[in-house]
Structure formats: C-alpha cells, structure tokens
Amino acid sequence: MKYSIRMRAAQGGPHERGGDHISGAERIVSESNLPTMAEQLVQRALHHSKGKADFINITIDGLADNAIHYIKAPNIITHEVTTKEDGWCTAQALLGQFGIAPQAVERAFVELCSLTQSMRGAMLIDATTGERLDNLGHRGVRVTHMDMDDEDGTIATLRARNLSNVHVREAVVLSAKVLSAPGIVGELCWSDDPDYQVGYVSGDNEYHRITKMKDLGSPIGGRVFFVKSVADMHAIIEYLQHTPVLVRFE
Ligand code: AMP
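Here's what I pulled together on the structure shown here. Remember, predicted model here, so these are calculated numbers, not experimental data.

Calculation rules
Residues numbered from 1 in each chain as written. Predicted model: local features only at pLDDT ≥ 70, side-chain atom pairs only at ≥ 80, totals over all residues. Heavy atoms only, no water. Phe/Tyr/Trp six-rings, centres within 6.5 Å; stacked < 30°, edge-to-face > 60°. Helix = DSSP H or I, 4+ residues; strand = E, 2+ residues; numbered from the N terminus. Lys NZ or Arg CZ within 6 Å of the ring centre and 35° of its normal. Near = heavy atom within 4 Å. Polar contact = N/O pair within 3.5 Å; in protein donor to acceptor, adjacent residues only side chain to side chain. Areas by Shrake-Rupley, 256 points an atom, 1.4 Å probe, with all protein chains shown as cover. Nonpolar A, V, L, I, M, F, W, Y, C, P; charged D, E, K, R; others polar. Expected span 1.5 Å × (residues − 1). Buried < 20%, exposed > 50% of the residue type's maximum accessible area, 1.4 Å probe, protein only.

All right, on to the packing of aromatic side chains then. For the structure on display, the rule yields four aromatic pairs. On the basis of an interplanar angle of 15° and a centroid distance of 5.7 Å, the ring pair of W88 and W190 is categorised as stacked. One end of the pair, W88, is in helix α2 (residues 84–97); the other, W190, is in strand β8 (residues 184–190), with 102 residues separating them in the sequence. Three or more aromatic residues joined by ring pairs form one cluster here, namely W88, F109 and W190. A cation over an aromatic ring shows up here: K177 above the ring of Y239, its NZ or CZ 5.4 Å from the ring centre.

Structural data, given as structure tokens:
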C-alpha cells in the first residue's frame, strides 16, 4: 500500500476561516517514507517566499495498489520570451492550436488577470463558449492524489534537460493528471510564487513552459482548465480530486 500525504498552509488562520494561502504540496510515498516526507512538507510550509504560515494541515490517506493509475508525462517544450506580453501572445496562440476557442482563451486571461488574491485551485472554463463551469468561486477545483512514479529517475531525466527545479516537477505532474482527465483539452497557469515568472500552457500531450507570464514580485497566480462542452463535470472533478495517479517520465 502507498500513502497520499498532502500539506496546505496559510497565514492568518486556516483557509476556511479566511487565512491567506501560503503553500500547498503533496506526494505519494511508501509507509517507511511517510515520517521524512511529513517533516519535509512542514519545513516547506514554514519557509516560503510568501511568508510564514501560522496554520499547517497535513492529511494522509492510504491508497490501494490497484486504485493507482499510471500515466505518461507530456512532452516538455520551453519558449524563451523577453516580456510578459510576449509570453501571453505565445500562450494564446498555443491554446488556439489545442482547439480552444478565442473567446474561451480571452475569458481565461480576463479571469486570471482580475484576481486580487491567488486562488487555491483552478477554474474550469468551457473550451468553446468561455463560460465558467465550476461553482467554486475563489477556491476553484484542487487537483490532488498525484506524484512522480520514479522520483530519482524523473529528477535525473529533468536535470539532463536543465529542468531540475521543484516548480517544474510539480507542475508537470499536475498537468499530466489534468490532461489525462476525461473531457479536459488544455490548461493555462502562472505561479503565485513572487519569485517565479515562468508559466505554462498544456494540451495535446504537450507541456509548453513560457519563461515570462507575470510580473516579478506578484504573489497572484492561478490556473484554468479548459473543458469540452459535452464533458461530464462530475466525472472530471471526481477524477481530479480523488483518483490516485503516478506519472512516468521517459
Ligand atoms: P503554483 O503553480 O503552485 O504557484 O500555483 C499557481 C496557482 O495554481 C495557484 O494560485 C492555484 O490557483 C493553482 N493551483 C495550485 N495548486 C493546484 C492544485 N493542486 N490544483 C488546482 N489548482 C492549483
């Protein structure tokens, strides 16, 4: 049996009582690795560039081996851009190539740009009409129960391509799970880490890192998942939140 271990941290009290989100992370590990992992996640919550957490929640649950889905990581492609505006143009063109309608792309940018604080999860937007489909407001849909299948191998593979940082690893794992969900055709993301300007779009089993998607120093990030009009929203949200997934990098 493996275990899903998840951390969420906030400042000013728990998220559900209005605390500001500081950090969240998760892994899927064996029983013997649980104590070490719990400590690493607590350390991470306590030392974040967004500030010091005064609320930290760690949740652990067991996963039956036959419940775990194994999926392939998308191909990673990097686009070097010099300004955020160039980054947005690149992202918009790629989302169009994934079949996402211009009004849906525009809605996604309008929604992300009008955030006054980071969301904790993602918005689900109809890939044709641009309508927001989840009713989850500022919380959005949080994808959980995911990790790399082979940590050492993944780190070596990514390091060989100069992509060793934790942001990339976690974002590619998340994006692999999102793209494997029934009915999702693409994703748009930029980080809420004030020191990290890189964002990405994904679709068609490709993950496109774009080196500037927001202003340095901005603590506001967000994610949009683009969903086919005919998709079963309940099935998508259930898969994203509960199906355990391990991602294989080749
Ligand atoms: P990050 O890439 O961790 O800096 O997160 C950027 C934004 O993506 C956050 O502000 C959230 O809106 C969203 N996000 C982060 N983690 C998740 C997740 N596990 N599921 C869905 N959305 C997430």
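In this section: the site of the ligand. Taken together, 15 residues sit near the ligand, with M119, G121, V143, S191 and R223 positioned nearest. At 3.5 Å, a backbone N or O of A122 approaches a nitrogen atom of the ligand. Contact between the ligand and D192: an oxygen atom at 3.0 Å from a main-chain N or O atom of the residue. Look at the ligand: alone it shows 480 Å² of surface, and the protein chains cover 85% of it. For the shell around the ligand, a count of residues per class yields six nonpolar, five polar and four charged.

Our focus in this paragraph is helix α5 (residues 166–180). If you check α5, its first and last C-alpha atoms are 21 Å apart, about what 15 residues at 1.5 Å a residue would give, namely 21 Å. α5 sits mainly inside the fold: 11 of its 15 residues count as buried. For α5, the complete set of buried residues consists of V168, R169, A171, V172, V173, L174, S175, A176, K177, V178 and L179. Capping the start of α5, N165 holds a side-chain oxygen 2.8 Å from the backbone nitrogen of H167, two or three residues further along.

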